[in-house]
Amino acid sequence: MDQQQILGLYSWGQGSCFRHPAEGLMETTVVVELHPRSGPAEPVRACRRCVLSMEDERRQLAREMGYDYEPGHAGGPFPP
């Protein structure tokens, strides 16, 4: 899959990227939800650049561990 196809696996909306929140609002996607003991779940959002970086890390880890790489799970457990 190319980068645009990988990005197409995610739902995008306005938010702050967890890796660089100082850049303000931009197109982001939820990559994981944190569930504190009290209160509602907190979404963790990442921008397109960071999602692609996370996908590259997952692809490399899958190769090293002998798993098939399955895009679309940035921020999720490994293997999916």
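Cut-offs applied
- Residues numbered from 1 in each chain as written.
- Predicted model: local features only at pLDDT ≥ 70, side-chain atom pairs only at ≥ 80, totals over all residues.
- Heavy atoms only, no water.
- Pairing = 2+ DSSP bridges.
- Helix = DSSP H or I, 4+ residues; strand = E, 2+ residues; numbered from the N terminus.
- Axes fitted to C-alpha atoms, helices over the stretch in contact; angles between N-to-C directions.
- Contact = heavy atoms within 4.5 Å.
- Polar contact = N/O pair within 3.5 Å; in protein donor to acceptor, adjacent residues only side chain to side chain.

(A) Representation of the sheet that holds strand S1 (residues 13-15) in the model. With respect to topology, three strands assemble into an open sheet ordered S1-S2-S3, the strand pairing being antiparallel. Lying at the two open borders of the sheet, with one neighbouring strand each, are S1 and strand S3 (42-47). Across this sheet, the average inter-strand angle for adjacent strands is 60°, counted without regard to direction. Relative to S3, strand S2 (residues 26-34) runs antiparallel, the two sharing six bridges. For Val 30, the partnering residue across the bridge sits in S3 and is Arg 45. Against the sheet, helix H2 (residues 48-65) makes contact with S2 and S3, and its axis sits at roughly 90° relative to S3, the strand it touches most.

(B) Examining the side chain of Arg 45 more closely. Relative to the elements of secondary structure, Arg 45 occurs in strand S3. Among the polar contacts made by the side chain of Arg 45, one reaches the main-chain carbonyl oxygen of Gly 13 at a distance of 3.4 Å. A polar contact of 2.6 Å, which involves the side chain of Arg 45, links it to the side chain of Thr 28.

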